[in-house]
Amino acid sequence: MKDKGGSRAAVDERYAQWKSLIPVLYDWFANHNLVWPSLSCRWGPQFEKATYKNRQRLYLSEQTDGTVPNTLVIANCEVVKPRVAAAEHISQFNEEARSPFVKKYKTIIHPGEVNRIRELPQNSKIIATHTDSPDVLIWDVEAQPNRHAVLGATESRPDLILTGHQENAEFALAMCPAEPYVLSGGKDKSVVWWSIQDHISALGDSSKTESSGASGSKQSGKNANDKDSPKVEPRGIFHGHDSTVEDVQFCPSSAQEFCSVGDDSCLILWDARTGTSPAVKVEKAHGGDVHCVDWNLHDVNYILTGSADNSVRMWDRRNLGSGGAGSPIHKFEGHKAAVLCVQWSPDKASVFGSSAEDGFLNVWDHEKVGKKKNPNSPAGLFFQHAGHRDKIVDFHWNSSDPWTIVSVSDDGESTGGGGTLQIWRMSDLIYRPEDEVLTELENFKAHLASCAPRS
């Protein structure tokens, strides 16, 4: 964010202003400093419920400089329940410190750096990762042995290797909510589709044989591991992009329907039942590379795309004519740099988040477009998370804990390098219906008045 967000002084000033507002804007907030950048952050399963907080797995990675191995990190996160945390406490944290709410639980030594992590929605202890290679790696994280990440340690062995790309597939990755299917896109301009149905039941049995200590032998981990990990061939390979595929997503209700976006500025919808050519292709979805796409869980007609043109666009798949016709229902313009990640809220059908290289995570409600009250704020924007001081590379809504988001930034040297992980929940006064909120505030005011000492 050296130039994109203005000078470092301006960023620091903006950050200080944001930090002073934490008690007003947030119900809960946790800041966790990462020594190494993580390009992905994802929620795993919730495994413990208590009175004031729940415990849940969190998936991260460590993108190192080669002095220690690249790792996939499984952490335990304590998620404080709504209206529990004291306002004055959540803003008292040290940017350089780790959060007491995030504890490393297990380390997997990953073959290459982890570019993206995606969990299987039906069974979130099974995850897929992308690295700088053509393969997709599948991990049963509970069955994987805990490893000690020291230089020369043998790489952990993936539970499955999904093959089919001809060139590196680094970012585009999705797992299907309906059935255990996986989708990937790569530099070979193709979208590759697998079923891991037959392998899911076998996972967890095969991976307990490896010793959990770091091996002293310096043999090439890749070669040692390849022969052990079962390989899965694709169900289909889909061609239609003219450049690198940047992101892919399943239709939430079907393993046979999916979409993809890429550096050719296209949005393509696919239907595996009708062949491997595009079902619908929107030629100029944006005025730049399209980095991300998401499909609405609650209304499968709606699709979001985010782009290097700084905008987020919302599409209705019923209005996507073939031959490149079809215009977005709305363009959301509030970011000042390339949009890297978009995701619909699991809690409210009309709400979504977008994060960008400008260091902001914006939360929008498309139903608020046209009902704009503030002429200075972009249509549909109702919350801006300004806690990161560099580009936000990934974020994930928590489906087990409404309105709770984990976000991660890749911090440049100016903010000490490494990364910043933040877990936060905006105050419910911000998103609840206005009349409900006003009633609550009036009641609170009356309550305060009744508590006041009588003169």
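Residues numbered from 1 in each chain as written. Predicted model: local features only at pLDDT ≥ 70, side-chain atom pairs only at ≥ 80, totals over all residues. Heavy atoms only, no water.

As recorded in an unreviewed UniProt entry, the protein chain goes by the name Histone-binding protein RBBP4-like N-terminal domain-containing protein, listed as coming from Zizania palustris.

Description of a nonpolar patch on the surface
On the surface, Leu429, Leu438 and Leu441 cluster together to form a nonpolar patch covering roughly 240 Å² of accessible area. You can see Leu438 is positioned in helix H7 (residues 434-451). (Patch = residues over 30% accessible without salt bridge, like charges linked within 9 Å, V, L, I, M, F, W, Y side chains within 5 Å. Areas by Shrake-Rupley, 256 points an atom, 1.4 Å probe, with all protein chains shown as cover. Salt bridge = Lys/Arg side-chain N within 4 Å of Asp/Glu carboxyl O. Helix = DSSP H or I, 4+ residues; strand = E, 2+ residues; numbered from the N terminus.)

Section: the UniProt feature "domain: Histone-binding protein RBBP4-like N-terminal" (unreviewed entry) in the protein chain
Sites flagged by UniProt as "domain: Histone-binding protein RBBP4-like N-terminal" (unreviewed entry) map to residues 13-80. Between the C-alpha atoms that bound residues 13-80 the distance is 29 Å, and the span itself is 18% helix and 54% strand. (UniProt positions renumbered as here; feature names shortened; annotations may be inferred.)

Re the nonpolar core
Membership of the largest hydrophobic core comes to 42 residues, with the highest contact counts inside it found for Val363, Leu421 and Ile423. Beyond its immediate stretch of four places on either side in the chain, Val363 contacts Val351, Phe352, Gly353, Gly380, Leu381, Phe382, Phe383, Trp397, Trp424 and Met426. Residues Tyr181, Phe250, Ile268 and Trp270 belong to the second largest nonpolar core, which totals 16 residues. (Core = buried A, V, L, I, M, F, W, Y, C linked by side-chain atoms within 4.5 Å. Buried < 20%, exposed > 50% of the residue type's maximum accessible area, 1.4 Å probe, protein only. Contact = heavy atoms within 4.5 Å.)

Overview of the sheet that holds strand E5 (residues 102-109)
In space, the four strands of this open sheet follow the order E2-E3-E4-E5, with antiparallel pairing throughout. Two strands in the sheet have a free side with no partner beyond their single neighbour: strand E2 (42-49) and E5. Ignoring strand direction, the axes of neighbouring strands in this sheet form an average angle of 25°. Direction of pairing for strand E3 (residues 53-62) relative to strand E4 (residues 71-80): antiparallel, over a ladder of ten bridges. (Pairing = 2+ DSSP bridges. Axes fitted to C-alpha atoms, helices over the stretch in contact; angles between N-to-C directions.)

Details of unusual backbone geometry
Residues other than glycine seldom take positive phi values, yet Lys189 does so here, at roughly 70°. By the element assignment, Lys189 lies in the loop between strand E11 (181-185) and strand E12 (190-195). Despite not being glycine, Ser265 has its phi angle at roughly 70°, a positive value. Mapping Ser265 onto the fold places it in the loop between strand E16 (257-262) and strand E17 (267-271). Residue class for Ser265 comes out buried when judged on its relative accessible area of 6%.

Overview of the packing of aromatic side chains
Each pair of aromatic rings is reported with the distance of its centres and the angle of its planes. What the rule picks out here adds up to 22 aromatic pairs. With 5.8 Å between their ring centres and 25° between their planes, Phe383 and Trp424 make a pair best called stacked. Taken as a pair, Phe383 in strand E26 (residues 381-385) and Trp424 in strand E29 (residues 419-426) lie far apart in primary sequence, 41 residues in all. For the pair shown, Phe383 and Trp424 are each scored as buried. (Phe/Tyr/Trp six-rings, centres within 6.5 Å; stacked < 30°, edge-to-face > 60°.)

Brief notes about the UniProt feature "repeat: WD" (unreviewed entry) in the protein chain
When the UniProt feature table is mapped onto this chain, "repeat: WD" (unreviewed entry) is found at residues 238-280, 283-316 and 332-365. The distance separating the terminal C-alpha atoms of residues 238-280 is 13 Å; by composition the span is 0% helix and 47% strand. Regarding residues 332-365, the helix share stands at 0% and the strand share at 56%, and the terminal C-alpha atoms are separated by 10 Å.

Focus: helix H1 (residues 8-20)
For H1, with 13 residues, the first-to-last C-alpha span of 18 Å sits near the 18 Å given by 1.5 Å per residue. For H1, the set of buried residues is Val11, Arg14, Tyr15 and Trp18. Buried residues of H1, viewed axially, fall in a sector of 100°; they line one side. Residues Ala9, Glu13, Gln17 and Ser20 are exposed on H1 and point more than 90 degrees away from its buried face. Buried positions along H1 lie against helix H2 (22-25), strand E1 (26-34) and E26. (Expected span 1.5 Å × (residues − 1). Arc of directions from axis to C-beta.)

Observations concerning the side chain of Asp365
With respect to the helices and strands, Asp365 occurs in strand E25 (residues 361-365). Here the side chain of Asp365 touches Lys348 through a polar contact of 3.2 Å, side chain to side chain. Beyond its immediate sequence surroundings of up to four residues, Asp365 is in contact with Lys348, Ser350, Val351, Gly380 and Phe382. (Polar contact = N/O pair within 3.5 Å; in protein donor to acceptor, adjacent residues only side chain to side chain.)

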